[in-house]
Number of protein chains: 2
Amino acid sequence: MVSTTQELKEAGLKATVPRMKILEILDQRRDDHMTAEDVYKVLLENNEDIGLATVYRVLTQFEQAGLVHRHHFEGGQSIFELAQGEHHDHMLCTVCGKVEEFVDEEIEKRQLAIAKKAGYRITDHSLYIYGVCPNCQKKGK
Amino acid sequence: MVSTTQELKEAGLKATVPRMKILEILDQRRDDHMTAEDVYKVLLENNEDIGLATVYRVLTQFEQAGLVHRHHFEGGQSIFELAQGEHHDHMLCTVCGKVEEFVDEEIEKRQLAIAKKAGYRITDHSLYIYGVCPNCQKKGK
DNA sequence: GGATGTAATGAGAAGCTTTTGCATTTGTAA
DNA sequence: TTACAAATGCAAAAGCTTCTCATTACATCC
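Attention now goes to the pairing of strand β5 (residues 121-132) of chain B. Strand direction decides the pairing type here: strand β5 (residues 121-132) of chain A and β5 of chain B, joined by 11 bridges, are antiparallel. Across the sheet, Y130 of chain A pairs through a bridge with D124 of chain B, a residue of β5 of chain B.

Right, dumping it as structure tokens:
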């Protein structure tokens, strides 16, 4: 078990209370994909005295440090997710908002090939599949 | 050559001046990927008396009518692109902002397979590759 | 263990993009 | 041409996110 303090130091960040709390929250909800507002709400519930501005600042720092990934799903807000394990892509239910993760080696390979062919040095990529999950299909009909 | 009036009627929209002007602009700049603000600026340059709110309204209607696609690249704003020809994905240069389009049958197939396997009824998808284009790589070094 | 300098934080204001309300205008169908 | 519904312009408002600045907390050095 790695302490949050240690994790932050390794990322080159001072171990402050807000940063530790936010890291904990992201850690406890690894399956969720949270907006800054979501994180802020949890802090409020826990009676932490941490401002929304700090949440945004910290999440941005985490992103720059590689601790967190930021996504731009349809709808506008940024969504944050703890960077863990390997890269993966996302499939979202447009009805209930559920998010599933997947990896497909073939797609990864093709993307690299496409970038290479065009002479691009690839820095990042994002693939979102939008649809209706099995559960919502049942309810809808 | 199809008139813009006709195009709008076919899409089930009244042929109003703002809608025709905006459609023209998108048509003239098929290679660009414009924000609402971009479109508005062109209207201003052309001395059209069309408000920004109308640009947003019209673009949203065009999207719903299937005339236009809306993208959410990194950075926040929505980007609009005339719906033409087949579906394609995007590769963006993070330095100069250039946007290239590509299609890869294999990736399309894999996406369908992934959605099907998870029981999703797929409604849409987006794939963005971010990188540095050949031109900017030269300049950078 | 305590002082010191720097970096981080909280609160509110500000910035951007996008949407909305409403009075007025415009397009269309009779 | 008339008349009605739909569309528009403007300004205000509503999100989301960032910035400013006075205050506080962390890490380091003694």
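Still to come is the rest of the account.
A few words now on the domain arrangement of chain A. All names here are of chain A. The domain boundaries assigned to chain A delineate domain 1 (4-82) and domain 2 (89-140). Distance from the C-alpha centre of domain 1 to the C-alpha centre of domain 2: 23 Å. Listed per partner, the contact involves 6 residues of domain 1 and 6 residues of domain 2. Of the roughly 600 Å² buried between domain 1 and domain 2 on both sides combined, carbon and sulfur atoms contribute 58%. Summed over the three residues of domain 1 that lose the most area to domain 2, namely H33, F73 and E74, the buried surface amounts to 68% of that side. For the pair domain 1 and domain 2, the interface holds 0 salt bridges.

On to the side chain of S126 of chain A, then. Examined against the element boundaries, S126 of chain A turns out to sit in strand β5. When its relative accessible area of 9% is taken as the criterion, S126 of chain A is described as buried. S126 of chain A has contacts with S126, L127, Y128 and Y130 of chain B, leaving out every residue within four places of it along the chain.

Residue and element names in this part refer to chain B. This model, assessed by the stated rule, comprises 12 salt bridges over all chains. Close ionic contact of E63 with R70 constitutes a salt bridge, the shortest N to O distance being 3.0 Å. The class for E63 is partly exposed, based on a relative accessible area of 30%. R70 gets classed as partly exposed once you look at its relative accessible area, which sits at 25%. Residue E100 pairs with K98 through a salt bridge whose shortest N-O separation is 3.6 Å. With relative accessibility at 38%, the residue K98 sits in the partly exposed group.

Turning our eyes to something else, we now look at the protein's contact with DNA strand C. Near DNA strand C, the surroundings consist of 22 residues, among which T16, D49, T54 and R57 of chain A together with Y56 of chain B are the closest. A breakdown of the atoms of DNA strand C within 4 Å of the protein gives sugar and phosphate a share of 75%. The backbone of D49 of chain A places a nitrogen or oxygen atom 2.4 Å from a phosphate oxygen of DNA strand C. Within the side chain of R57 of chain A, a nitrogen or oxygen atom sits 2.7 Å from a base nitrogen of DNA strand C. Counting only elements with at least two residues in the surface near DNA strand C, the list comes to α2 (17-28) and α4 (52-65) of chain A together with α4 (52-65) of chain B. Residues of the surface near DNA strand C, tallied by class, amount to 9 nonpolar, 6 polar and 7 charged.

Okay, empty space enclosed by the protein next. Residues and elements named next belong to chain B. Following the criterion strictly, the structure yields 2 cavities of 30 Å³ or more and no others. Here the largest cavity is characterised by a volume of approximately 40 Å³. Around the largest cavity, the lining residues are L26, R29, R30, D32, M34, F80, E81 and L82. The dominant element in the lining of the largest cavity, judged by the number of residues it contributes, is strand β2 (residues 79-82), at 3 residues. Across the lining of the largest cavity, the residue classes tally to 4 nonpolar, no polar and 4 charged.

About the thresholds
- Residues numbered from 1 in each chain as written.
- Chains lettered and ligands numbered in written order.
- Predicted model: local features only at pLDDT ≥ 70, side-chain atom pairs only at ≥ 80, totals over all residues.
- Heavy atoms only, no water.
- Pairing = 2+ DSSP bridges.
- Helix = DSSP H or I, 4+ residues; strand = E, 2+ residues; numbered from the N terminus.
- Domains from an automatic or database assignment.
- Contact = heavy atoms within 4.5 Å.
- Buried area = accessible area lost by both parts, 1.4 Å probe.
- Salt bridge = Lys/Arg side-chain N within 4 Å of Asp/Glu carboxyl O.
- Buried < 20%, exposed > 50% of the residue type's maximum accessible area, 1.4 Å probe, protein only.
- Near = heavy atom within 4 Å.
- Polar contact = N/O pair within 3.5 Å; in protein donor to acceptor, adjacent residues only side chain to side chain.
- Nonpolar A, V, L, I, M, F, W, Y, C, P; charged D, E, K, R; others polar.
- 1 Å grid on protein atoms, 1.4 Å probe; cavity = no way out; pocket = protein on both sides within 12 Å on 5 of 7 lines; lining within 4 Å.
- Points joined across faces, edges and corners; volume = space filled by probe spheres on them.

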